[in-house]
Amino acid sequence: MYKLQPFSYTFNQSGKPQKIFLETPLEFNKNDMIAITGPSGGGKSTFLKVLKGIIPEFSSGVLQGQITFNDLPLTGINFQANLKKILYLFQNPFSQLIYPTTEEEFLFSMENFNFTHEEMNVQKEKFEILFGLKSIWGKKTSQLSNGECQKLVLSSLLAIDPYALLLDEPTAFLDPASRLEFYQFLKIIKGDRLLIIVDHQLDEIRSLVTRIIEVSADGKILELDNYLPKVKKIQTIELPMLANIQNVQMDVMNASFSYHKDSKLLKNISATFKSGDLIAIKGTNGSGKSTLFKLLAGIINPDSGKIITKLRGKEFVNAKNFKNVGFIFQNPENHFFFDTIEEELKQSFKNIDIAVFKDALIERFFNNIDLKKSPFLLSEGEKRRLSILMTIFLGKSIFLYDEPTFGQDVESIEQITGLMRELKRRGFVQIMISHDDSFIKDMASRVLVLEDGSLNEIPRA
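First things first, this report covers the structure right here in the doc.

What counts and what doesn't
- Residues numbered from 1 in each chain as written.
- Predicted model: local features only at pLDDT ≥ 70, side-chain atom pairs only at ≥ 80, totals over all residues.
- Heavy atoms only, no water.
- Helix = DSSP H or I, 4+ residues; strand = E, 2+ residues; numbered from the N terminus.
- Contact = heavy atoms within 4.5 Å.
- Areas by Shrake-Rupley, 256 points an atom, 1.4 Å probe, with all protein chains shown as cover.
- Lys, Arg positive; Asp, Glu negative; His and termini not counted.
- Charge placed at Lys NZ, Arg CZ, Asp CG, Glu CD.
- Salt bridge = Lys/Arg side-chain N within 4 Å of Asp/Glu carboxyl O.
- Buried < 20%, exposed > 50% of the residue type's maximum accessible area, 1.4 Å probe, protein only.
- Polar contact = N/O pair within 3.5 Å; in protein donor to acceptor, adjacent residues only side chain to side chain.
- Pairing = 2+ DSSP bridges.
- Axes fitted to C-alpha atoms, helices over the stretch in contact; angles between N-to-C directions.
- Parallel < 35°, antiparallel > 145°, perpendicular 65-115°, else oblique.
- Left-handed = near helix turned anticlockwise from the far one by under 90°.
- Core = buried A, V, L, I, M, F, W, Y, C linked by side-chain atoms within 4.5 Å.

1. Points about the overall build of the protein
Link 1 in the chain: Along its length, the protein carries 14 helices and 23 strands.
Link 2 in the chain: For the protein, the C-alpha atoms occupy an extent of roughly 70 × 55 × 40 Å along the three principal directions.
Link 3 in the chain: When contacts within the protein are restricted to residue pairs at least 6 apart in sequence, long-range pairs at least 24 apart make up 71% of them.
Link 4 in the chain: For the protein, the computed accessible surface area is about 20900 Å², with 49% contributed by carbon and sulfur atoms.
Link 5 in the chain: For the protein, the distance from the average position of its 55 positive side-chain charges to the average position of its 56 negative side-chain charges is 5 Å.

In structure tokens, the structure reads:
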């Protein structure tokens, strides 16, 4: 289906050229299921955009070399012809939403390609079962969790029945059960169409994929004969400018919340979080984990009950908790206000006097990235690391991480792990939402599960 001759794609970011390139010809066939691996920010998403034809069709960069799909170039009139044949799931599913309601969003692509009402109903029933979509019908797309949004966008693409499916971190926000169901579905359709998937959880799909392509840190695209997973080597990151925190306590007292009067999303939740806690909160997609975080952060108030933080002899109730809480959102772009990374970090680093330390920290988290670059042009993994780094130095005592390992390679997870362990040692309260069971096992001192509106602790073995 695809024939890739040696090519290069070069684009400028604030005057600093970046590049992905292929030196050895490749062919991708209908029965292939290909995993794309490589470090965060190396160019995996850029490579998928080349395969979709978005690059160079909608890019100011320069593509040299030839790539064909079914023996025709991807650009020009062929780009339009391939809109139904080649479908692409973005790394951030919210960037693909068009309509305000879930049903409209699901049906849009099929309507656009002239599916009959009967065909649309068949596909709707099929994916209702496969991805459990019944629970999201009637919701506004703006109210979806990342996991629910990912299911919706993914199912709307699969319903088109494309020739080639390009998937950028398709399971990043899915709970373990949904992730397993998705991999089972890939197993069923494998061989019927070309599947190309970027996934940092390569060990989970290794038995499914037929080939592995690496995009290295310098942008080189190469097929791997053997894949050897990297071993984590955790190093603590010292934070000399942060004072130790003592006797911080947050008490959640019979807190309830609902978006609709006829159904409570969170029911009489009670919990206590103390200095040095590093707590994981698990739960299925749409169970209310992100809503719980908004309550803890003081962004919204509970309908009943209250949330109290005790710090330095003072008490902060409900909305007043906001001044003590650093919230790393699911969508890191919610953190960005300025035109460059440098300006974003300047706001967070303004109280840090140790210039050498700042440079070393930026190097560890971003590996020679151009700080004049717009934060919106980073890879999703780089955006996540930037949002974490920006939040840590804002003078907060409690940190909430919503999916901290999303889009991260092994080395990046090492950096995040080292940072969180140092914050734990210094007595900060840390609470994370995660579907990454390996990360939870390595990091969490306590694990809580949110299910049917109730929050319960899982006893540790």
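2. Observations regarding the pattern of salt bridges
Link 1 in the chain: For the coordinates displayed, the defined rule picks out 15 salt bridges.
Link 2 in the chain: Aspartate 71 is the partner of lysine 3 in a salt bridge, and the nearest nitrogen-oxygen pair spans 3.3 Å. Linking lysine 3 in strand E1 (residues 2–4) with aspartate 71 in the loop between strand E7 (67–69) and strand E8 (72–73), this pair joins segments that are 68 residues apart in sequence.
Link 3 in the chain: On the basis of relative accessibility, which here comes to 36%, the residue lysine 3 falls in the partly exposed class.
Link 4 in the chain: Judged by relative accessible area, which is 54%, aspartate 71 ranks as exposed.
Link 5 in the chain: In this structure, lysine 220 and glutamate 23 form a salt bridge, with 3.4 Å as the shortest nitrogen-oxygen distance. Highlighted residues: lysine 220 in strand E13 (residues 220–224) and glutamate 23 in the loop between strand E3 (16–22) and strand E4 (26–28), separated in sequence by 197 residues.

3. A look at the side chain of arginine 179
Link 1 in the chain: Tracing the chain through its elements places arginine 179 in helix H7 (residues 176–189).
Link 2 in the chain: From its side chain, arginine 179 meets the backbone oxygen of histidine 435 in a polar contact 3.4 Å long.
Link 3 in the chain: Apart from residues lying up to four places away in sequence, arginine 179 is in contact with Thr171, Leu174, Glu204 and His435.

4. Side note on the sheet that holds strand E21 (residues 429–433)
Link 1 in the chain: Reading across from one edge, E19-E20-E21-E16-E22-E23 is the order of the 6 strands in this open sheet, with mixed pairing throughout. Strands with a single pairing partner mark the edges of an open sheet, and in this sheet they are strand E19 (325–328) and strand E23 (454–458). Ignoring which end each strand starts from, the neighbouring axes of this sheet average 20 degrees apart.
Link 2 in the chain: With 5 bridges connecting them, strand E20 (residues 398–402) and E21 associate as parallel partners. Counted as the bridge partner of aspartate 402 is isoleucine 433 from E21.
Link 3 in the chain: The strands touched by helix H12 (residues 380–392) within the sheet are E19 and E20, with E19 carrying the most contacts at an inclination of about 175 degrees.

5. Focus on the packing of helix H4 (residues 102–112) against helix H6 (residues 146–158)
Link 1 in the chain: Viewed as axis vectors pointing N to C, H4 and H6 meet at an angle of 30 degrees, and their least axial separation amounts to 7 Å. Looking at the two axes, H4 sits roughly parallel to H6. Pair H4 / H6 crosses with right-handed handedness. Of H6, the residues touching H4 (which contributes Thr102, Glu105, Phe106 and Ser109) are Leu152, Ser155 and Ser156.

6. Some words on the nonpolar core
Link 1 in the chain: Core analysis: the biggest nonpolar cluster contains 66 residues, and Phe273, Leu296, Ile392, Leu400, Tyr401, Ile431 and Met432 have the highest contact counts within it.
Link 2 in the chain: In contact with leucine 400, other than residues within four places in its own chain, are Phe293, Leu296, Ala297, Val325, Gly326, Phe327, Ile328 and Ile431.
Link 3 in the chain: Judged by nonpolar contacts, the second largest core, of 39 residues, contains Leu87, Leu144, Leu158 and Leu202.

7. Considerations on the sheet that holds strand E17 (residues 304–311)
Link 1 in the chain: Taking strand neighbours across the sheet as the criterion, the 4 strands line up as E15-E14-E17-E18 in an open arrangement whose pairing is antiparallel. Only two strands of the sheet have a single neighbouring strand rather than two, namely strand E15 (266–274) and strand E18 (314–317). Direction aside, neighbouring strands of the sheet carry axes that sit 15 degrees apart on average.
Link 2 in the chain: Bridge analysis of strand E14 (residues 249–257) against E17 gives 6 bridges, and the strand direction is antiparallel. Within the sheet, the bridge partner assigned to aspartate 251 lies in E17 and is isoleucine 308.

8. Quick look at the pairing of strand E5 (residues 33–37)
On a regular strand, one side chain projects to one face of the sheet and the next to the other, so that they alternate.
Link 1 in the chain: Across the 5 residues of E5, 5 count as buried, placing the element largely inside the fold.
Link 2 in the chain: Here E5 shows no split at all, with Met33, Ala35 and Thr37 on one side and Ile34 and Ile36 on the other all buried.
Link 3 in the chain: Pairing between E5 and strand E11 (residues 194–198): 4 bridges, direction parallel. Note that in E11 the partner of isoleucine 36 across the bridge is valine 198.
Link 4 in the chain: Alignment of E5 against strand E12 (residues 211–215), held across 4 bridges, turns out to be parallel. Paired with threonine 37 across the two strands is glutamate 214, which belongs to E12.

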